[in-house]
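# Commentary on secondary and tertiary structure
One letter stands for each residue in the lines below.
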There are 2 protein chains.
Amino acid sequence: MANEREVTIYDIAKKLNISATTVSRGLQDHPSISKKTKKKIFDLADEIGYRINHFARNLRNQKTNTIGIIVPRLNSYFMSSVIAGIENVANDHGYGLLISQSSESFGKEISSAKTMFDSRVDGLLTSLAFDTADLKHFEHFFKKNIPVIFFDRVMEHENSTSILIDNRQAAYNATNHLIEQGCKKIVHITAPILQNVYKDRLKGYKEALSQHKIKFREEYVIVTDLSQEAGAEAAQAILKMKPVPDGIFVSNDSCAVGCMLALKQNGISIPEDIAFVGFNNDPISKVIEPNLTTINYSGYEMGQTAARHLINHFNGTSPINCTNTIVLRSELIIRSSSLKKGK
Amino acid sequence: MANEREVTIYDIAKKLNISATTVSRGLQDHPSISKKTKKKIFDLADEIGYRINHFARNLRNQKTNTIGIIVPRLNSYFMSSVIAGIENVANDHGYGLLISQSSESFGKEISSAKTMFDSRVDGLLTSLAFDTADLKHFEHFFKKNIPVIFFDRVMEHENSTSILIDNRQAAYNATNHLIEQGCKKIVHITAPILQNVYKDRLKGYKEALSQHKIKFREEYVIVTDLSQEAGAEAAQAILKMKPVPDGIFVSNDSCAVGCMLALKQNGISIPEDIAFVGFNNDPISKVIEPNLTTINYSGYEMGQTAARHLINHFNGTSPINCTNTIVLRSELIIRSSSLKKGK
DNA sequence: TTGTAGGCGTTATCAT
DNA sequence: ATGATAACGCCTACAA
């Protein structure tokens with residue numbers, strides 16, 4: 001059962017009566033090796049099942065060919081789409097992925113960052129946890145010029161690039177849409193406003209209100225963890241508000257859905273009594289009745305963009321710094337949950 | 001901007017006037033190093049920011065501390081839960097994850113397997129693509145005694161363990177339930193019956209039918225890719241069947257939902273005209289109206305189980321072979337989509 | 001076009 | 001309890 005020794009370039013060299021150097025070069029398609037020799041090398045390598053030892057190579061090259069990823073959660077539609085997008089690009093360029101989740105905890109994010117650093121990932125793609133307060137845990141990376149790219153939930157830093165959508169604008173559009181439908185008492189369900197996405201959405205929400213001379217009311221902002229269950233709880237709070245609100249803008253579809261289901265159970269009609277707009281265009285938004293108006297933006301694309309940007313950076317194409325913020329497109333998708341007057 | 005050299009155990013050794021060997025041992029908490037020396041080593045390591053070089057260690061130890069994962073898709077609720085479960089266990093035991101997706105293609109699965117092999121993962125966790133026909137692409141692993149564990153979509157092999165649920169029983173229960181509700185013309189929407197999960201579910205479906213003396217009809221089995229869109233297409237086919245079926249058992253919730261939505265648009269009432277049972281207990285099943293009866297089993301748990309099993313194997317606890325099939329629990333969750341007579 | 005030699009950082013073996 | 005040495009497999013500066 002003893003594992004046989006691995007085939008190395010030396011084995012190839014010996015059998016071919018050439019040096020390991022030549023084999024190494026041949027395998028890398030080095031220009032100064034003759035076609036004939038290369039062919040012999042590749043053929044034999046194939047035949048005897050040679051495979052490169054990445055550790056030896058990485059040890060020598062001081063490079064891991066690995067991209068680190070830290071996300072708040074793995075199992076949401078949005079995040080798994082992002083990962084799929086990253087995987088797609090990374091794979092094409094010969095990079096592996098080291099993935100970990102912070103479970104929305106600052107502490108776990110810090111320890112994940114440490115693991116990533118110790119694993120010497122070549123670059124890091126991160127979306128911040130709810131309660132991440134600063135970027136100290138990434139200082140190691142910045143100091144060593146290891147590129148860090150933030151996506152979706154970002155924080156500005158002079159040494160990193162951010163990839164996101166215009167959350168303020170999206171929230172403005174969402175809220176504005178509700179107002180146009182005749183809503184005057186609009187609740188905003190969101191997450192702790194530490195993160196840019198929630199801060200900016202709140203800003204957009206307020207902006208739309210003020211532009212229509214609707215007074216902003218602190219008690220209309222409900223802070224939750226945006227889970228479906230939290231949506232149901234928020235519904236209870238909303239039912240107790242007097243007067244009952246006539247529109248709700250939620251920072252995430254599954255929370256919106258949880259809220260809608262609970263309200264419906266309590267005899268509220270949507271959109272007649274209360275209109276709804278969500279965020280993310282999760283598939284669930286097309287299943288809930290009435291279908292949920294929402295903000296659409298592609299996680300897959302965001303993942304691809306992040307990965308591509310990072311890899312371009314490795315190749316010296318795109319610099320990573322604060323001036324480099326990439327804003328992806330988002331759009332309001334209007335469905336019946338927000339259409340007050342007829343369909 | 002030149003990167004400073006990395007801190008190595010030699011740097012620590014030099015500053016402490018001891019040998020690198022001692023440092024190496026100290027760092028690994030080797031019993032034969034004095035507490036005093038260990039403390040000095042750890043303190044200095046901390047101070048000057050030493051971090052182990054995994055490549056050097058792996059090169060030396062011939063071990064990667066990495067678990068490879070190949071899944072058909074990353075962005076489904078079930079799969080992302082599995083990954084989350086794996087990550088949870090792997091992380092606790094100091095293992096990294098190398099993840100790739102086959103996109104339901106045999107070809108891509110083969111090339112992913114090659115990548116994994118070349119990356120020298122210590123073990124492999126895999127769920128097979130729709131059209132995977134054999135396990136030749138894993139032979140390399142078997143030959144080198146690298147453990148391969150299949151989960152959910154598995155194929156039997158004398159050198160590997162399978163982790164799954166009793167799909168036959170689950171499908172039997174689902175179909176039986178529909179029959180008990182009075183259904184006599186039951187359609188089964190599923191994926192190509194190459195994979196065990198679909199083969200077994202078909203078996204269970206047939207078994208329930210025959211036990212109730214209901215004749216199996218080939219044309220009642222609709223083979224799709226189980227996407228939501230495919231569900232909508234299946235609905236069109238179903239509407240054309242004469243007589244129209246009165247029950248449908250779908251191999252996956254999102255496909256069931258797509259089908260339900262399309263049928264509802266065509267004036268079919270669920271469950272009165274057609275009752276529905278899905279599979280997977282995707283969150284979407286609690287959103288669709290009527291709520292979808294489904295088979296529940298935990299992806300997170302399946303992921304944890306797979307990872308734990310693999311890691312136990314590394315530690316010499318659990319052998320990996322064909323006699324070792326782990327069957328996880330699954331259950332029928334009855335919701336209104338299948339309840340013909342009142343609720 | 002090909003070869004020689006040394007080193008990347010770690011750990012196991014064999015001393016002391 | 002600690003140290004010297006070799007080896008893991010690869011790559012590249014330098015030499016031929």
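Just so we're clear, the structure is a prediction, and the values are computed from it rather than from any experiment. (Residues numbered from 1 in each chain as written. Chains lettered and ligands numbered in written order. Predicted model: local features only at pLDDT ≥ 70, side-chain atom pairs only at ≥ 80, totals over all residues.)

### A few points about the overall build of chain A
To keep things clear, this is the line we draw: Runs of H or I in DSSP of at least four residues are treated as helices and runs of E of at least two as strands, each being numbered from the N terminus. Just to be clear, the radius of gyration here is over C-alpha atoms, and the globule rule we use is 2.2 Å times residues to the power 0.38. Exposure classification rests on a simple neighbour count of other C-beta atoms within 10 Å of a residue's own: a residue reaching 20 or more is buried, one at 12 or fewer is exposed, and one in between is partly exposed. C-beta atoms are placed from the backbone. Whether two residues are in contact is decided by their C-beta atoms, placed from the backbone, lying within 7 Å.
The number of helices and strands found in chain A is twelve helices and twelve strands. Compactness check: chain A gives a C-alpha radius of gyration of 26 Å against a globular reference of 20 Å for 343 residues, more than 25% above the reference. Per-residue burial over chain A gives 47% buried out of 343 residues. Contacts spanning at least 24 positions in sequence make up 74% of the contacts within chain A whose residues lie at least 6 apart.

### A short note on the interface of chain B and chain A
Here is the rule: Amino acids outside the nonpolar list (Ala, Val, Leu, Ile, Met, Phe, Trp, Tyr, Cys, Pro) and the charged list (Asp, Glu, Lys, Arg) are all regarded as polar, and Gly is one of them.
Of the residues lining the interface, 37 residues belong to chain B; the matching set on chain A comes to 37 residues. Those elements that place two or more of their residues in the side of chain B that touches chain A are helix 4 (54-61), helix 5 (77-92), strand 2 (96-101) and helix 11 (253-265) of chain B. Sort the elements by how many residues they give to the side of chain B that touches chain A and helix 5 of chain B lands first, with seven residues. Here the residues of the side of chain B that touches chain A are counted per class, giving 17 nonpolar, 14 polar and six charged.

### A few points about the sheet that holds strand 7 (residues 221-223) of chain A
Residues and elements named next belong to chain A. What counts here: A strand pair is defined by DSSP finding two or more bridges across the two strands. The angle between two axes is taken between their N-to-C directions and runs from 0 to 180 degrees, where each axis is a line fitted to C-alpha atoms and a helix contributes only its stretch in contact.
With parallel pairing, four strands are arranged side by side in an open sheet as 7-6-8-9. Of all the strands in the sheet, just strand 7 and strand 9 (275-277) have a single pairing partner and so form its edges. Geometrically, the sheet is characterised by an average inter-axis angle of 20° between neighbouring strands, direction not taken into account. Two strands pair when backbone bridges link them, and strand 6 (residues 186-190) and strand 8 (residues 247-250) are joined in this way by four bridges, in the parallel orientation. Bridge assignment links His188 to a residue of strand 8, and that residue is Phe249.

### Overview of the protein's contact with DNA strand C
Keep this limit in mind: Only the C-beta atom matters for this test: placed from the backbone, it must lie within 6 Å of a molecule or strand for the residue to be near it.
In the vicinity of DNA strand C, 26 residues are found, and the nearest of them are Ser19, Thr21 and Thr22 of chain A together with Asn53 and Ala56 of chain B. Mapped by element, the contributors of at least two residues to the surface near DNA strand C are helix 2 (20-27) and helix 4 (54-61) of chain A together with helix 2 (20-27) and helix 4 of chain B. Looking at which element gives the most residues to the surface near DNA strand C, the answer is helix 4 of chain B, with five residues. In terms of residue class, the surface near DNA strand C is made up of nine nonpolar, twelve polar and five charged.

### Side note on the protein's contact with DNA strand D
Among the 25 residues in the neighbourhood of DNA strand D, the closest are listed as Thr8 and Ala56 of chain A together with Ile18, Ser19 and Thr22 of chain B. Elements supplying a minimum of two residues to the surface near DNA strand D: helix 2 and helix 4 of chain A together with helix 2 and helix 4 of chain B. With five residues, helix 4 of chain A is the largest single contributor of residues to the surface near DNA strand D. In terms of residue class, the surface near DNA strand D is built from eight nonpolar, eleven polar and six charged.

### Concerning helix 9 (residues 196-211) of chain A
All names here are of chain A. The condition that has to hold: To estimate the expected span of a helix, count its residues, drop one, and scale the result by 1.5 Å.
An ideal rise of 1.5 Å per residue puts 22 Å on 16 residues; helix 9 measures up with 22 Å between its terminal C-alpha atoms. Within helix 9, the full set of buried residues consists of Asn196, Val197, Tyr198, Asp200, Arg201, Leu202, Gly204, Tyr205, Ala208 and Leu209. Lys213 sits one or two positions beyond helix 9 and adopts a positive phi of about 55°.

### Some remarks on the relation of the copies chain B and chain A
Operational definition: The copies were overlaid by least squares, fitting only the C-alpha atoms of residues that reach a pLDDT of 70 or more in each copy.
Once chain B is rotated about the relating axis by 180° and shifted along it by 0.0 Å, it coincides with chain A to within an RMSD of 0.1 Å. Between the two chains, the operation in question is that of a two-fold axis. Within chain B, the C-alpha atom positioned nearest to the axis of rotation is that of Phe55 of chain B, 2.3 Å from it. Same-surface contact between copies: 97% of interface residues of chain B are shared with the interface of chain A.

### Some details on the pairing of strand 8 of chain A
Residue and element names in this part refer to chain A. Residues Gly247 and Phe249 point to one face of strand 8 and Ile248 and Val250 to the other, with burial holding for every one of them. When strand 8 meets strand 9, the two strands line up parallel, connected through three bridges. Note on strand 9: the bridge partner recorded for Ile248 is Phe276.

### Here's the deal with the domain arrangement of chain A
Quick note on the threshold: Segmentation of the chain into domains, including their bounds, is taken from an automatic or database domain assignment.
Assigned domains within chain A: domain 1 (9-52), domain 2 (65-165 + 299-330) and domain 3 (167-296 + 332-338). The straight-line distance from the C-alpha centre of domain 1 of chain A to that of domain 2 of chain A is 37 Å.

### Considerations on helix 4 of chain A
All names here are of chain A. The following threshold applies: Summarising the geometry, the arc corresponds to the directions from the helix axis toward the C-beta atoms.
Residues of helix 4 that are buried: His54, Phe55 and Asn58. Along the long axis of helix 4, the arc covered by the buried residues comes to 95°, so they all point the same way. In the segment just after helix 4, Gln62 is the residue with positive phi, at about 55°.

### Topic: the nonpolar core
When a protein is soluble and globular, its nonpolar side chains tend to lie buried together. Note the following rule: Structurally, a nonpolar core is described as a collection of buried Ala, Val, Leu, Ile, Met, Phe, Trp, Tyr and Cys residues joined by way of C-beta atoms within 7 Å.
With 174 residues, the main nonpolar core has Ile69, Leu125 and Cys259 of chain A together with Ile69, Leu125 and Cys259 of chain B as its most contacted residues. Excluding anything up to four places from it in sequence, Ile69 of chain A contacts Ile83, Ile86, Leu97, Leu98, Ile99 and Leu125 of chain A.

### Things to note about the packing of helix 10 (residues 228-240) of chain A against helix 11 (residues 253-265) of chain A
The angle between the axes and the distance between the axes are what describe a pair of packed helices. Residue and element names in this part refer to chain A. Put simply, the test is: In this scheme, roughly parallel covers angles under 35 degrees and roughly antiparallel covers those over 145, while 65 to 115 is roughly perpendicular and the rest are oblique. Here a crossing is called left-handed whenever its near helix is offset anticlockwise from the far helix by less than a right angle, and right-handed whenever the offset is clockwise.
Helix 11 packs onto helix 10 with a crossing angle of 40° between their chain directions and a minimal axis gap of 6 Å. On the basis of their axis angle, the class for helix 10 and helix 11 is oblique. You can see that helix 10 and helix 11 cross each other, and the crossing is right-handed. Together, Gln228, Glu229, Ala230, Gly231, Ala232, Ala234 and Ala235 of helix 10 and Ser254, Cys255, Ala256, Val257, Gly258, Cys259, Leu261, Ala262 and Leu263 of helix 11 make up the contact between the two elements.

### Regarding the pairing of strand 1 (residues 66-71) of chain B
The side chains of a regular strand alternate, first on one face of the sheet and then on the other. Residues and elements named next belong to chain B. Inclusion rule: Seen with the strands pointing away from the viewer, any crossover whose path from the first strand over the helix to the second strand runs clockwise is right-handed.
Across the six residues that make up strand 1, a large majority, six, are buried. Side chains Thr66, Gly68 and Ile70 of strand 1 all project onto a buried face; the interleaved residues Ile67, Ile69 and Val71 project onto the opposite face, where all are buried too. Where strand 1 and strand 2 come together, six bridges link them in parallel fashion. The residue bridging Ile69 from the neighbouring strand is Ile99, located in strand 2. Remark: the strand 1/helix 5/strand 2 crossover connection has right-handed handedness. Pairing between strand 1 and strand 3 (residues 123-126): four bridges, direction parallel. Within strand 3, the residue paired with Gly68 across the bridge is Leu124.

### Topic: the sheet that holds strand 2 of chain B
Residues and elements named next belong to chain B. Strand order in the open sheet formed by six strands is 2-1-3-4-5-11, and the pairing between neighbours is parallel. Two strands in the sheet have a free side with no partner beyond their single neighbour: strand 2 and strand 11 (325-328). Mean inter-strand twist for the sheet, computed between neighbouring axes without regard to direction, equals 15°. Summarising the sheet, strand 4 (residues 148-151) and strand 5 (residues 161-165) pair through three bridges and their orientation is parallel. Note that in strand 5 the partner of Phe151 across the bridge is Ile163. The sheet strands contacting helix 6 (residues 106-118) are strand 1, strand 2 and strand 3, and the helix crosses strand 1 at an angle near 175°.

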